[in-house]
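What the coordinates show
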Amino acid sequence: DTAVSQTPKYLVTQMGNDKSIKCEQNLGHDTMYWYKQDSKKFLKIMFSYNNKELIINETVPNRFSPKSPDKAHLNLHINSLELGDSAVYFCALFWTGLSSNSYEQYFGPGTRLTVT
Amino acid sequence: SQKIEQNSEALNIQEGKTATLTCNYTNYSPAYLQWYRQDPGRGPVFLLLIRENEKEKRKERLKVTFDTTLKQSLFHITASQPADSATYLCALLNNAGNMLTFGGGTRLMVKP
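Attention here is on the structure that accompanies the text. Small disclaimer: the values here were computed from a predicted structure and weren't measured. The numbers attached to residues start from 1 for each chain and follow its sequence in the written order. Chain labels run from A onward and ligand labels from 1 onward, assigned in the order the entries are written. Confidence filtering applies because this is a predicted model: local features only for residues at pLDDT of at least 70, side-chain atom pairs given and counted only at 80 or more, and all residues used for totals across whole chains, interfaces and linings. Each side-chain value is worked out from all heavy atoms of the structure, with water and hydrogens disregarded.

1. Considering the state of the cysteines
Operational definition: Any pair of cysteine sulfurs within 2.5 Å is marked as a disulfide. Secondary structure follows DSSP: runs of H or I at least 4 residues long count as helices, runs of E at least 2 residues long count as strands, and numbering of each begins at the N terminus. The classification of residues rests on relative accessible area computed with a 1.4 Å probe and restricted to protein chains. Under 20% of the type maximum is buried, over 50% is exposed, and intermediate values are partly exposed.
Under the defined criterion, the tally for this structure stands at two disulfides over all chains. Here A:C23 is linked by a disulfide to A:C91, with a sulfur-sulfur distance of 1.9 Å. Because the sign of the S-S torsion sets the handedness, a value of about -70 degrees for the bond joining A:C23 and A:C91 places this disulfide among the left-handed ones. In this pair, A:C23 is assigned in strand β3 (residues 19–25) and A:C91 in strand β9 (residues 87–95), connecting sequence segments 68 residues apart. Between B:C23 and B:C90 runs a disulfide, and the two sulfur atoms are separated by 2.0 Å. Here the disulfide of B:C23 and B:C90 is right-handed, its torsion about the S-S bond being about 60 degrees. Of this pair, B:C23 sits in strand β3 (residues 19–26) while B:C90 sits in strand β9 (residues 86–93), placing them 67 residues apart in sequence. B:C23 sits in the buried class, given a relative accessible area of 0%.

See the structure below:
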C-alpha cells in the first residue's frame, strides 16, 4: 500500500484554466504538506495543513488554495493557471517512523504540471 | 535571510570510491539536519537525520557529519555503486519541528 498517493501523475493544461491535484494518505497523520519543485529542482514548501487548519503558507499566490475534505485528503486547487506554475508538485506528510523524534518527511510520487 | 547551499554541479565518481557531498547553511540554528535521495520522476526519500548535539551518524554505507560551528554537514557514501546515482538533498528542520527547508540538491553519478 502506498502511504501517500497523488493524482494525476501528469497534468497538461492551458493558461487561465483552473485545475486540482489530489492527495491521499493512509497513515492517519494529521499534518500534510504541499511542495513545489521547479525546473531547477529547488524543492520549496507551499502549505502545511493540520486537521483542517492552515499552519504554514509560504508566500504562495492566493490562486493556490489547499482544500482538506477530510483527514486523509489534502487537495491543491490552482486558479487562473500561469506559465510559471509549471513544475512538479509533491504532497507530503511527517512520519515519525520507528522513533517519535525522527521527523521524516514522506513524499508522494509527484504531479508534473505543464501549463501551455 | 536563511540559506542552504549544496554544490549544484554534478559529482562524478568511480564505482567503489567514497562520494562526499556538502551542505552549508547560513542564518540558521537548526536542531535537526536531514538528507534525502531523489531519483528522476520520484519524490524525495528520507535517508538520515542528525541532531545538533550529534557529530556523526552512520547507516550501512552512509555517514553524515554535522558541524554546527562551521554550519556544515557532509554526506558520505562509501564503496559507491552505480545504483547510488541520484540527487541528494539536505534539509533543515525549523525549531517548531513542523517545517523543512531544502537545499538545491547535488546530483551524484557513479560510473562502473
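2. Focus on the nonpolar core
For clarity, the threshold we go by: Only buried residues count toward a nonpolar core, which is a set of Ala, Val, Leu, Ile, Met, Phe, Trp, Tyr and Cys residues joined through side-chain atoms within 4.5 Å. Any pair of residues with heavy atoms lying within 4.5 Å of one another is described as a contacting pair.
B:W35, B:F75 and B:Y88 are the most contacted members of the largest nonpolar core, which has 23 residues in total. Filtering out sequence-adjacent residues up to four positions away, B:Y88 remains in contact with B:Q6, B:L21, B:W35, B:Y36, B:R37, B:L47, B:F75, B:I77, B:G105, B:T106 and B:L108.

3. Re the interface of chain B and chain A
Stated formally: A quick way to say it: buried area is the sum, across both parts, of accessible area lost when two parts are put together, with a 1.4 Å probe. For this document, the term salt bridge refers to a Lys or Arg side-chain nitrogen within 4 Å of an Asp or Glu carboxyl oxygen.
Each partner contributes residues to the interface: chain B has 19 residues there, and chain A has 22 residues. Buried area between chain B and chain A, both sides added, is near 1,600 Å², and the carbon and sulfur share of it is 58%. If you sort the residues of chain B by the area they bury against chain A, B:N98, B:M99 and B:F102 come out on top, with a joint share of 28%. Across the chain B-chain A interface, the total number found is zero salt bridges. Of all elements in the fold, only β4 (32–38), β5 (45–51), β9 and β10 (100–102) of chain B reach the threshold of two or more residues within the side of chain B that touches chain A. Tallying contributions element by element places β4(B) first for the side of chain B that touches chain A, with four residues.

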